[in-house]
Amino acid sequence: MLRTLVRPALSTVSKSASTISGFKSGTKYGGKTTVTLIPGDGVGPEIAESVTTLFKEMSVPVEFETIDLTKYTLNDEGAFNNAITSLKRNGVGLKGVLNRSGDFRTHNVEFRGDLDTYANVVRCMSFEGVKTHHSGIDLIAIRENTEGEYSCLEHESVSGVVECLKVITREKSMRIAKFAFDYALEHNRKKVTCIHKANIMKLSDGLFKSCCAETAKLYPSIDYDEQIVDNTCQQLVINPQQFDVMVMPTSYVTVVSNLGAGLVGGAGLVPSKSFGDDIAVFEPGARHTWMEMKGMYVANPVAMVLSSAFMLKHLMLNEAGDNLITAVKQVLNKRTCQTRDLGGNATTREMTRAIISELHELHA
Amino acid sequence: MLSGRVCKLLGPALARHNHTVTLFPGDGIGPQISSSVKEIFSAADAPIEWEEHEVYPILEKDGKTRIPQPAIDSIFKNKIGLKGPMRTAIGKGHVSLNLTIRRTFGLYANVRPAKSVPGVTTPYSENGVDCVIVRENTEGEYSGIEHTVVPGVVQSVKLITRDASRNVAEYAFKYARDNNRANVVALHKANIMKMSDGMFLEQCRLVSEKYPDIKFRDMYLDSACMKIVKDPGQFDVMVMPNLYGDIFSDLTAGLIGGLGLAPSGNMGRDGLALYEAVHGTADDLVEKNKGNPTALLMSGLMMLRHLDLKAEADKIERPYST
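Throughout this description, residue numbers start from 1 for each chain and increase along the sequence as written. Whichever chain is written first becomes A and whichever ligand is written first becomes 1, with later ones labelled in order. Since the coordinates come from a predicted model, pLDDT governs what is reported: local features require at least 70, and pairs of side-chain atoms require 80 or more to be given and counted, while whole-chain, interface and lining totals use all residues. Derived side-chain values reflect all non-hydrogen atoms in the structure, with water molecules and hydrogen atoms excluded from consideration.

Draft legend 1. Looking closely at the side chain of A:Ser86. Residues and elements named next belong to chain A. Tracing the sequence through the fold places Ser86 in helix H3 (residues 77-90). Each residue is assigned to one of three classes by its accessible area relative to the maximum for its type, calculated with a 1.4 Å probe on protein chains only: buried under 20%, partly exposed between the two thresholds, exposed over 50%. The buried category is assigned to Ser86, whose relative accessible area is 0%. The definition of a polar contact used here is a pair of N or O atoms within 3.5 Å, where within protein one atom must be able to donate a hydrogen and the other to accept one, and adjacent residues in sequence count solely through side-chain atom pairs. A distance of 2.7 Å separates the side chain of Ser86 from the side chain of Thr36, its partner in a polar contact. In this structure the side chain of Ser86 is engaged in a polar contact, spanning 3.3 Å, whose partner is the side chain of Glu65. Strands are runs of DSSP state E lasting at least 2 residues, helices are runs of H or I lasting at least 4, and numbering of each runs from the N terminus.

Next up, the structure:
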């Protein structure tokens, strides 16, 4: 438990995350980049199939190293370590969601810890063709991915009394704040908002907030403000268009990203990416495996496909990535092919075929 | 032999029984909106006698904060109160007034109904929001236990106890039964916080067994967040620990039009109840006399219903609910 607390502090956050430096490391054979693919549980394999089909169709120079990691193999140390080693070697991964089971820590959380993918970025954007209560949303929720409530330090001190420790450190807070501002600069975003509950959790969230404020001074071209998390949730349902980039400690992202996902049309439409210093993992933004629909091919593959498109851009395959994003938007805007979550009854494969036909039109 | 019954009452009861209610007007727009509420209640002939008291923080020698003794005595005597918004000065060394009040009266459950208000259009008006959040109000992330382990490393403790979890669960189910609500859903993150939220969930399950007429289920917080913005109409009574409750109740207030329309009630031991407006003091509106009394008024109506004065509450609500 103390292991994470006594790691030597970095004197300065000198190394920027791999989003800024661009993709430099990784495995390349014969001009093709090898990427780790972990389909995961539930509908994971089905939406992963959409991606592999699309990449083949587009002749993208990417080779997948597929690691079969599900809730059944998760407790197998060997299989789990194999996945981590592959990700560390390749430097890039595409991942479904791993089901919430296992002992001690859930494996989504362990992944982050072992890989030190400290920054998680969830993108919630509205699509014209998707009917929702609000439109024109394009917000980015950035979370510190390795500490906070998910440090998972719980114990029952006396019978009937459980303590759960939330740890916030200056080192990690500064790191994520810098990431958020660098991200805003790189993607031409105008404002970063720090989401916190420092009025109640004065020391912990207070530390996080002050790190963000300190970092903001180094980026005078980006606007900065702070907002208490309960007000943020209220504002999200009243006027979500006001939000640009939001940075927060880990626990609030559950609420903010899921609210954001619900506002733009559901978990099936929200991509995300996680960054460490030398590694990037792309996966659907809302962590729902939808176990009961496994094998039925009814899931919406858009979240996974968009995540893979962002992965292509990360690999400097910008044209392919942009084309894929445009094709997905066209399919959604035309409303002719809609999976169950969008109110239709298209299958995952039908949706994939619709995206392929849009891609052909783009090239025509 | 005398029978118990002496004679039948033929006319209306002539003696009116007034309920004495403690009133804390509060700060900022508090006094103005409190006076609006008193005026409205009086116009509606509600049998309420107000006992007003000022509330301000007193920092004791031992570092503890308390409120004036007359205010405390009044609440314990009347067992019912209505409170306006209160300001907490920053940097004066004392704990927030709201927290002090909560601790003084042992207010363990916070009840926040969110119902679409006719005439207030939000993107969710069509769905017809009508849900109630019952939030555990004494512990969780708000235990205030924090310390700096070494410089640059801070630890904050979230405390969950079996007793507090059971008490709030009991209240949630009792509320559901008393108010003819069919469903109770517990929101949690027990997949991540297995012990703490796990204990909370276990207590909810145990209590649900005593209420077979009420349908109980649990939901992960993330699923709930997504579902509530897609289709809030599916939610009925929700029970959850402190932090989630704080966030969620502001969220549901947003769905119906904001905190200015959100009533709130707090339950303490032995049937003690304190109703309040949860919005801020809006100091900038005081001079312009533009404070909106709706939230305080709706909390007052919750209070009337608690006192079994449903007819009076309906009478006041009718003009603005049509």
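Draft legend 2. Local environment of the pattern of salt bridges. All names here are of chain A. Any carboxyl oxygen of Asp or Glu that lies within 4 Å of a side-chain nitrogen of Lys or Arg is treated as forming a salt bridge with it. One pass over the full model with this rule turns up 36 salt bridges over all chains. A salt bridge links Glu65 to Arg89; its shortest N-O distance comes to 2.7 Å. Of the two residues, Glu65 is situated in strand S3 (residues 62-66) and Arg89 in helix H3; the sequence distance between them amounts to 24 residues. When its relative accessible area of 22% is taken as the criterion, Glu65 is described as partly exposed. For Glu283, the salt bridge identified is with Lys95, shortest N-O distance 2.8 Å. One end of the pair, Glu283, is in strand S13 (residues 280-284); the other, Lys95, is in strand S4 (residues 92-95), with 188 residues separating them in the sequence. Across this residue pair, the class does not change: Glu283 and Lys95 are buried.

Draft legend 3. Fine view of the confidence of the model for chain A. All names here are of chain A. In the predicted model, chain A carries a mean pLDDT of 85, and 85% of its residues have values of at least 70. Confidence scores labelled pLDDT are given residue by residue by the predictor and lie between 0 and 100. The contact definition used throughout considers only heavy atoms, calling two residues in contact when any of these lie within 4.5 Å. A low-confidence stretch, residues 1-22 (pLDDT under 50), is modelled with 39 contacts involving residues beyond four sequence positions or located in other chains. Long-range and interchain partners of residues 101-105, a stretch whose pLDDT sits below 50, account for 13 contacts in this model, where long-range means more than four residues apart.

Draft legend 4. Spatial organisation of the interface of chain B and chain A. On the chain A side, the residues contacting the 44 residues of chain B number 55 residues. Two parts lose some accessible area (1.4 Å probe) when they are put together, and adding that loss for both gives the buried area. Regarding the contact of chain B and chain A, the summed buried area is about 4400 Å², with carbon and sulfur atoms giving 65% of it. On the surface where chain B and chain A come into contact, there are two salt bridges. Residue B:Arg162 is joined to A:Glu156 by a salt bridge in which the shortest nitrogen-to-oxygen separation is 3.8 Å. Joining chain B to chain A, the criterion identifies 19 residue pairs in polar contact (both at pLDDT 80 or more). The greatest single-element share of the side of chain B that touches chain A, amounting to nine residues, is contributed by strand S9 (residues 153-161) of chain B. Looking at side-chain class alone, the side of chain B that touches chain A contains 22 nonpolar, 12 polar and 10 charged residues. The pairing of strand S8 (residues 161-169) of chain A with S9(B) spans nine bridges and is antiparallel. Across the sheet, the residue bridging to A:Glu163 is B:Leu159, located in S9(B). For this classification, the nonpolar set comprises Ala, Val, Leu, Ile, Met, Phe, Trp, Tyr, Cys and Pro, the charged set comprises Asp, Glu, Lys and Arg, and every other residue, Gly included, is treated as polar. By the convention used here, strands pair only if DSSP detects at least 2 bridges between them.

Draft legend 5. Looking closely at the pairing of strand S14 (residues 273-277) of chain B. Residue and element names in this part refer to chain B. Burial of S14 is extensive: five of the five residues sit out of reach of the surface. Of the two faces of S14, the one holding Ala273, Tyr275 and Ala277 and the one holding Leu274 and Glu276 are both buried throughout. Here strand S5 (residues 80-83) pairs with S14 via four bridges, running parallel. Within S14, the position partnered with Lys83 by the bridge is Glu276. Sheet analysis places strand S13 (residues 263-267) next to S14, joined by five bridges and oriented antiparallel. Counterpart to Met267 in the pairing with S14 is Ala273.

Draft legend 6. Local environment of the packing of aromatic side chains. Think of it this way: a Phe, Tyr or Trp ring, Trp meaning its six-membered ring, pairs with another when their centres are within 6.5 Å, and the plane angle makes it stacked under 30 degrees, edge-to-face over 60, tilted otherwise. Under the counting rule described, the total for this entry stands at 13 aromatic pairs over all chains. A centroid spacing of 6.2 Å and a plane angle of 85° characterise the contact between A:Phe275 and A:Phe282, whose relative ring orientation is edge-to-face. Assessed through its relative accessible area of 1%, A:Phe282 is described here as buried. Here B:Phe76 and B:Phe105 contribute two aromatic rings whose centre-to-centre distance is 5.3 Å and whose plane-to-plane angle is 65°, an arrangement assigned as edge-to-face. Residue B:Phe76 is located in helix H2 (residues 69-78), and its partner B:Phe105 is located in the loop between helix H3 (97-104) and strand S6 (109-115); the two are separated by 29 residues in the primary sequence. Taken together through their ring pairs, the aromatic side chains of A:Tyr118, A:Phe179, A:Tyr183, A:Phe275 and A:Phe282 make up a single cluster. The ring of A:Phe310 is capped by A:Lys273, whose NZ or CZ atom sits 4.8 Å from the centre of that ring. We count a charge as sitting over a ring when the NZ of a lysine or the CZ of an arginine lies within 6 Å of the ring centre and within 35 degrees of the ring normal.

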